[in-house]
There are 2 protein chains.
Amino acid sequence: MTTSREVRLKSRPVGLPVADNFEVATVTLPDPGPGEVQVRNTWMTVDPYMRGRMNDVKSYSPPFALGEVMQGGAVGEVIASNDAGFQVGDLVQSNYGWREAYNAQASMVQKLDTFGLPPQAFLGVAGMPGMTAYAGLLRIAALKEGDVVFVSAASGAVGSVVCQIAKIKGHKVIGSAGGPEKVKFLKEELGVDVAIDYKATPDLMKALEEAAPEGIDVYFENVGGEHLEAALNSARPFGRFALCGMISMYNATTPPPGPRNIAQAVGKQLRMEGFIVSSHYDMLPSFHKD
Amino acid sequence: MTTSREVRLKSRPVGLPVADNFEVATVTLPDPGPGEVQVRNTWMTVDPYMRGRMNDVKSYSPPFALGEVMQGGAVGEVIASNDAGFQVGDLVQSNYGWREAYNAQASMVQKLDTFGLPPQAFLGVAGMPGMTAYAGLLRIAALKEGDVVFVSAASGAVGSVVCQIAKIKGHKVIGSAGGPEKVKFLKEELGVDVAIDYKATPDLMKALEEAAPEGIDVYFENVGGEHLEAALNSARPFGRFALCGMISMYNATTPPPGPRNIAQAVGKQLRMEGFIVSSHYDMLPSFHKD
């Protein structure tokens, strides 16, 4: 008999989520039924998009239900199988995060070939966030030779991959993150050309002007707010913005101010395009190949 | 000897331009020099983009110079020619607006074949504004079958053409304009499906929701501000916004509020693209053919 602790959404957060919005419960799992597998998670991921799902509003993912266990990406190991396709010991990927173990229909989990990478990489650089970076930078922002690239939340799961892809391809990359440790990571690990500590910068617009006096061509948007205004201000004609997320707005309880200089998008002929990685999984083979 | 009155920019307007920002001067034109023509204007146009050129800021068009005659689209008739390519009586188009007559190098004016249309149409529906509507709707917004189209400043030179093209192609069209006369024009002359009088509507967002309960696919942006917010709110997934202008911001003296709901562009995977007609003159032959 397997017991599992799981994290449930107890109440919908207003503003920043607090521990009291969640509760931990212990459940007992029966043996897997016909066509089911039992999996013990080894890794799970917490991603920014989950904050949106804690609200009770219509969006591209349905809201999390109150009283139910949170969902999310996870990697685990099959510990019991009642399906011919899976054996004990198989490594699998699923959307059954936020719990130690679970039973599921075999069709709801995917066997994971790690290509020699650590399994948890498939929740990050080799998984959804990495794929998001890849699709956003190469397809949505249509990165092309000579582009100067600006990335917000550049030390995050998605942003850090954007920085690395752009650096590998030989671009000038400006990354923004909050705090000296993240900035150090940007400079020393990711090798960006300029790292901006937006928390230490009184005027982000001016900081970006100085980081890219020649202007920027691509903006990979994870933050919104002042970051978007600074990017609009520094954009060169025909700049392309991949709108991946706007973290700065996720915990807002009143409508946050929009970019006051959005009219620059007209004169500079900018393209701003929002995207969700699930619309671009046709790029997965080329992503894994790259 | 020809005399001509001309309108000069006397001072740069702050906020809404007033008559005192301009002065009218009378000049005497010499006979046209070698390779020059002398033209008497019969029509000139006043366009929203001119407001931007009254400011001393860098943009896609250089600012108007103080003390100099204003420029802008005009149609006129050659009244004297010192160039073999032009004869007295030729109809020409030029950028020498805001004056009754002028001398110019022959290369600076274009002979106008009206295809049977009234000459002034080439300052509107058959000219730059019409071409703007055509390029913005068909190329930038990539209008496709079944799209629901929302147009702001729908009774204007550009917006009215957008409405007509979309109606001719069989789309549901919602137009917004200010005041009962403009709304009457939208309904009776342009035949839009729903006309919104934004000046009489306390809640534009709600008005658009009611006009298009199914949502909108294309937004042709001439206004900015609340119009852009309403369009973001009503956009269906993969909606496309052609950002042609943001009139509401042109006379602003402080940074106007940006769209507070721009984060919806991510979840709905919207594309917003600014454009300037001069980048799309390769479409001119197909525009005139259509």
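Residues numbered from 1 in each chain as written. Chains lettered and ligands numbered in written order. Predicted model: local features only at pLDDT ≥ 70, side-chain atom pairs only at ≥ 80, totals over all residues. Heavy atoms only, no water.

Visitor: Got a minute to help me understand the sheet that holds strand S3 (residues 36–44) of chain B in this structure?
Guide: Across a sheet, paired strands are connected by hydrogen bonds in the backbone, their directions being either parallel or antiparallel. Residue and element names in this part refer to chain B. Spatially, the 5 strands line up as an open sheet ordered S6-S3-S4-S5-S7, and their pairing is antiparallel. If you trace the sheet from one side to the other, it starts and ends with strand S6 (101–105) and strand S7 (110–111), each paired once. Alignment of S3 against strand S4 (residues 74–81), held across 7 bridges, turns out to be antiparallel. Directly across from Gln38, in S4, lies its bridge partner Ala80. (Pairing = 2+ DSSP bridges. Helix = DSSP H or I, 4+ residues; strand = E, 2+ residues; numbered from the N terminus.)

Visitor: I keep staring at the environment of Lys144 of chain B and nothing clicks. Help me out?
Guide: Residues and elements named next belong to chain B. Topologically, Lys144 is positioned in the loop between helix H2 (128–140) and strand S8 (148–151). On the basis of relative accessible area, Lys144 is assigned to the partly exposed category, the value being 48%. As for Lys144 and Thr201, which are separated by 57 residues in sequence, their C-alpha atoms are 30 Å apart. Discounting residues that sit within four places of it in the chain, Lys144 has contacts with His171 and Arg240. (Buried < 20%, exposed > 50% of the residue type's maximum accessible area, 1.4 Å probe, protein only. Contact = heavy atoms within 4.5 Å.)

Visitor: Is there a simple way to think about the packing of H2 of chain B against helix H3 (residues 159–168) of chain B in this case?
Guide: Helix packing for two helices is described by the angle between their axes and how far apart those axes are. Residue and element names in this part refer to chain B. One way to put it is that H2 packs onto H3 with a least axis distance of 8 Å and a crossing angle of 50°. By the angle between their directions, the pair H2 and H3 is classed as oblique. You can see that H2 and H3 cross each other, and the crossing is right-handed. Contacts from Gly130, Ala133, Tyr134 and Leu137 in H2 reach Val161, Val162, Ile165 and Ala166 in H3. (Axes fitted to C-alpha atoms, helices over the stretch in contact; angles between N-to-C directions. Parallel < 35°, antiparallel > 145°, perpendicular 65-115°, else oblique. Left-handed = near helix turned anticlockwise from the far one by under 90°.)

Visitor: I tried to follow the sheet that holds S8 of chain B on my own but got confused; where do I start?
Guide: The strand order across the open sheet built from 12 strands is S10(A)-S9(A)-S8(A)-S11(A)-S12(A)-S13(A)-S13(B)-S12(B)-S11(B)-S8(B)-S9(B)-S10(B), with neighbouring strands paired in mixed fashion. The sheet is open, and its two borders are formed by strand S10 (194–197) of chain A together with strand S10 (194–197) of chain B, each paired with just one other strand. Taking the axes of each pair of neighbouring strands and ignoring which way they run, one obtains an average angle of 15° across the sheet. Across 3 bridges, strand S8 (residues 148–151) of chain A lies against strand S11 (residues 216–221) of chain A in parallel orientation. Within S11 of chain A, the residue paired with Val149 of chain A across the bridge is Val218 of chain A. Here helix H2 (residues 128–140) of chain A sits on the sheet and contacts S8, S11, strand S12 (235–243) and strand S13 (271–274) of chain A; the angle it forms with S11 of chain A, its principal contact strand, is near 150°. Each of strand S9 (172–177) and S10 of chain B is contacted by helix H4 (residues 180–190) of chain B, which is oriented at about 170° to S10 of chain B, the strand it contacts most.

Visitor: What exactly am I supposed to notice about the environment of Asp113 of chain A here?
Guide: Residue and element names in this part refer to chain A. If you trace the backbone, Asp113 turns up in the loop between strand S7 (110–111) and H2. Residues Asp113 and Val92, spaced 21 residues apart in sequence, show a C-alpha to C-alpha distance of 8.6 Å. One polar contact links the side chain of Asp113 to the main-chain amide nitrogen of Phe115, over a distance of 3.0 Å. (Polar contact = N/O pair within 3.5 Å; in protein donor to acceptor, adjacent residues only side chain to side chain.)

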